[in-house]
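Structural features, examined
Listed below are the residues making up each chain.
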Amino acid sequence: MITLVPLDVINPTAVEMLLDAAFGPDRFTRTAYMIRGTGTLIAALSFAAVEDGVLVGSIQCWPIALIDDDRQSPLVMVGPVAVAPTRQGDGIGRSLVARVLDAAAANDLDDALMLIGDPDYYGRFFGFSTERTARWNAPGPVERHRLLARGDAVPDAAGMLGPRTPVTAPA
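Here the structure is a predicted model, which is why all the values come from computation and not from measurement. (Residues numbered from 1 in each chain as written. Predicted model: local features only at pLDDT ≥ 70, side-chain atom pairs only at ≥ 80, totals over all residues. Heavy atoms only, no water.)

**As for the overall build of the protein**
- What the protein contains, in helices and strands, is four helices and eight strands.
- Each helix (α) and strand (β) of the protein, taken in turn from the N terminus, gives the series β-α-α-β-β-β-α-β-α-β-β-β.
- A compact globule built from 171 residues should have a C-alpha radius of gyration of about 16 Å, and the protein, at 16 Å, falls within 12% of that.
- Dimensions of the protein along its principal axes, counting C-alpha atoms only, are 50 × 40 × 35 Å.
- Counting every position in the protein, which comprises 171 residues, the buried fraction comes to 42%.
- Total accessible area computed for the protein in this model is approximately 9,000 Å², and 53% of it derives from carbon and sulfur atoms.
- For the protein, the distance from the average position of its 14 positive side-chain charges to the average position of its 20 negative side-chain charges is 2 Å. (Helix = DSSP H or I, 4+ residues; strand = E, 2+ residues; numbered from the N terminus. Rg over C-alpha atoms; globule rule 2.2 N^0.38 Å. Buried < 20%, exposed > 50% of the residue type's maximum accessible area, 1.4 Å probe, protein only. Areas by Shrake-Rupley, 256 points an atom, 1.4 Å probe, with all protein chains shown as cover. Lys, Arg positive; Asp, Glu negative; His and termini not counted. Charge placed at Lys NZ, Arg CZ, Asp CG, Glu CD.)

So this is what it looks like as structure tokens:
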């Protein structure tokens, strides 16, 4: 039986090994990694799937923004969704995404979510779309139809996706 637990209770080395197995060791060169930068994941929205004490899946969420000039529109980047190669197709990823959406709603963080993924899958099961992402840019290559978002506060504006930086008040 699969159990979903907070990701921060899992050994970080096990998570890294799962990510390598799911995406390959060159995963750090992907556009999604450039978008989120070196920030800290959102612990309340990051989970692991465990079966008989073995990590079989994980999902992480990151604070990012759509940046235009000096304006930042905050977003939560959903992903990566990683599933052990031998368990792909078993519904683990779907369960993890559903858990994130529930946690995002419970934490009032569901108004501006984005991800890079299959539009048919994420649209049909989770309501993500390209409706407001047409003018978004990314710091690396991205297939535009895979830039997806959902939520009432998703900006329909031009800008570059990147790590969210702290906002400080003028001195």
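**Regarding the side chain of R36**
- Summarising the element assignment, R36 is placed in helix α2 (residues 31-36).
- Although R36 is buried, it makes no salt bridge; E16 carries the closest opposite charge, 6.6 Å away. (Salt bridge = Lys/Arg side-chain N within 4 Å of Asp/Glu carboxyl O.)

**A look at the pattern of salt bridges**
- Counted by the stated rule, this structure contains six salt bridges.
- Note that R27 is salt-bridged to D20, the shortest N-O span being 2.8 Å.
- According to the relative accessible area criterion, R27 is buried, its value standing at 1%.
- Since its relative accessible area comes to 32%, D20 is described here as partly exposed.
- Between R87 and E51 there is a salt bridge; the shortest N-O distance is 2.1 Å. Taken together, the residues R87 in the loop between β4 (71-83) and α3 (92-106) and E51 in strand β2 (residues 47-51) connect sequence positions 36 residues apart.
- The structure contains a network of salt bridges with shared partners spanning E16, D20 and R27.

**Quick look at the nonpolar core**
- One finds L45, I59, V78, L113, Y122 and F128 to be the most contacted residues of the largest nonpolar core, which totals 23 residues.
- Examining the composition of this core, we find that seven residues originate from one element, α3, more than from any other.
- In contact with L45, other than residues within four places in its own chain, are I59, Q60, C61, V76, V100, A103, A104, N107 and L109.
- By size, the runner-up hydrophobic cluster in this structure holds 15 residues, among which are I35, A138, A149 and V154. (Core = buried A, V, L, I, M, F, W, Y, C linked by side-chain atoms within 4.5 Å. Contact = heavy atoms within 4.5 Å.)

**Some words on the environment of R132**
- Checked against the element boundaries, R132 lands in the loop between α4 (119-126) and β6 (136-137).
- R132 sits 24 residues away from D156 along the chain, and the two C-alpha atoms are 4.6 Å apart.
- Among all residues touching R132, those that are not within four sequence positions of it are G151, D152, A153, V154, P155 and D156.

**What to know about α3**
- Its 15 residues place the ends of α3 21 Å apart at the C-alpha level, agreeing with the 21 Å of an ideal helix rising 1.5 Å per residue.
- Those residues of α3 that fall on the buried side of the exposure criterion are I92, G93, L96, V97, V100, L101, A103 and A104.
- Immediately downstream of α3, the backbone of D108 shows phi near 55 degrees, a positive value. (Expected span 1.5 Å × (residues − 1).)

Scope: geometric values only; no functional claims are made or implied.
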